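Coordinates in review
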Amino acid sequence: MQNINNSTGLKEAILLLEVQQNRQMIELKSQFKAVQQSFTPMNLIKSTFRDFKEAPDLKTNLLNTAIGLTTGILSKKLLLGGSHNPLLKIVGTLVEIGVAGIVTKHPEGIKATGMSLFKKIFSGNKS
């Protein structure tokens, strides 16, 4: 900024600064409204679903985790049935966690084995 030597120059500088301040205030209000709008519950839900659609790894990980948990629960039920023995319940829970962890960490091998078993069971060829 230049040195101001007279009252006219001072008035012009003040006017320019006031115009700049008004412009910045309008921009700030606009940005605030945009941020406020993005944090409405409906927009948060929409953005979450949009992110979920755009993240294929997230879908795969979620599916693998769901398969792992389901397999763990089924293995516990098959192993223990409806036992009321507290020691067997603890062992069953450990088996459930272990199977779920293995299936979640190695989904491709589990899927391939499952598909081959499925094809063998339901194929038309009698060997």
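What this report covers is the structure whose coordinates are included nearby. Quick caveat: nothing in here was measured; it's all calculated off a predicted structure.

Description of the overall build of the protein chain
- Regarding its fold elements, the protein chain presents five helices and zero strands.
- Reading the helices (α) and strands (β) of the protein chain from amino to carboxyl end gives α-α-α-α-α.
- Taken against the 2.2 N^0.38 rule, which gives 14 Å for 127 residues, the C-alpha radius of gyration of the protein chain at 32 Å runs more than 25% over that of a compact globule.
- For the protein chain, the spread of C-alpha atoms along the principal axes amounts to about 105 × 45 × 30 Å.
- Within the protein chain, the proportion of its 127 residues that are buried is 8%.
- With an accessible surface of roughly 11,100 Å², the protein chain has 66% of that area assigned to carbon and sulfur atoms.
- Treating the 16 positive side-chain charges of the protein chain as one cloud and the 8 negative ones as another, the clouds have centres 16 Å apart.

What about the environment of alanine 112?
- Along the chain, alanine 112 turns up in helix α5 (residues 107-122).
- Residue alanine 112 is classed as partly exposed on the basis of its relative accessible area of 46%.
- Expressed as a C-alpha distance, the spacing of alanine 112 and lysine 76, which sit 36 residues apart in the sequence, is 22 Å.

Describing the pattern of salt bridges
- Applying the stated rule across the entire model yields one salt bridge.
- Glutamate 96 is the salt-bridge partner of lysine 76, the closest N and O atoms lying 3.6 Å from each other. Taken together, the residues span a long stretch of sequence, with lysine 76 in helix α3 (residues 56-80) and glutamate 96 in helix α4 (residues 86-105) at a distance of 20 residues.

Observations concerning the environment of leucine 16
- Tracing the sequence through the fold places leucine 16 in helix α1 (residues 7-38).
- Spatially, the C-alpha atom of leucine 16 lies 79 Å from that of leucine 117, the residues being 101 residues apart in sequence.

Here we look at the packing of α3 against α4
- α4 packs onto α3 with a crossing angle of 150 degrees between their chain directions and a minimal axis gap of 7 Å. One element, α3, and the other, α4, form an angle in the roughly antiparallel class. Read as a crossing pair, α3 and α4 show a hand that is right-handed. Along the contact surface, α3 presents Asn64, Thr65, Ile67, Gly68, Leu69, Thr71, Gly72, Ile73, Ser75, Lys76, Leu79 and Leu80, while α4 presents Leu88, Lys89, Gly92, Thr93, Val95, Glu96, Val99, Ala100, Val103 and Thr104.
- For the contact of α3 with α4, a count of residues per class yields ten nonpolar, nine polar and three charged.

About the criteria used
Residues numbered from 1 in each chain as written. Predicted model: local features only at pLDDT ≥ 70, side-chain atom pairs only at ≥ 80, totals over all residues. Heavy atoms only, no water. Helix = DSSP H or I, 4+ residues; strand = E, 2+ residues; numbered from the N terminus. Rg over C-alpha atoms; globule rule 2.2 N^0.38 Å. Buried < 20%, exposed > 50% of the residue type's maximum accessible area, 1.4 Å probe, protein only. Areas by Shrake-Rupley, 256 points an atom, 1.4 Å probe, with all protein chains shown as cover. Lys, Arg positive; Asp, Glu negative; His and termini not counted. Charge placed at Lys NZ, Arg CZ, Asp CG, Glu CD. Salt bridge = Lys/Arg side-chain N within 4 Å of Asp/Glu carboxyl O. Axes fitted to C-alpha atoms, helices over the stretch in contact; angles between N-to-C directions. Parallel < 35°, antiparallel > 145°, perpendicular 65-115°, else oblique. Left-handed = near helix turned anticlockwise from the far one by under 90°. Contact = heavy atoms within 4.5 Å. Nonpolar A, V, L, I, M, F, W, Y, C, P; charged D, E, K, R; others polar.

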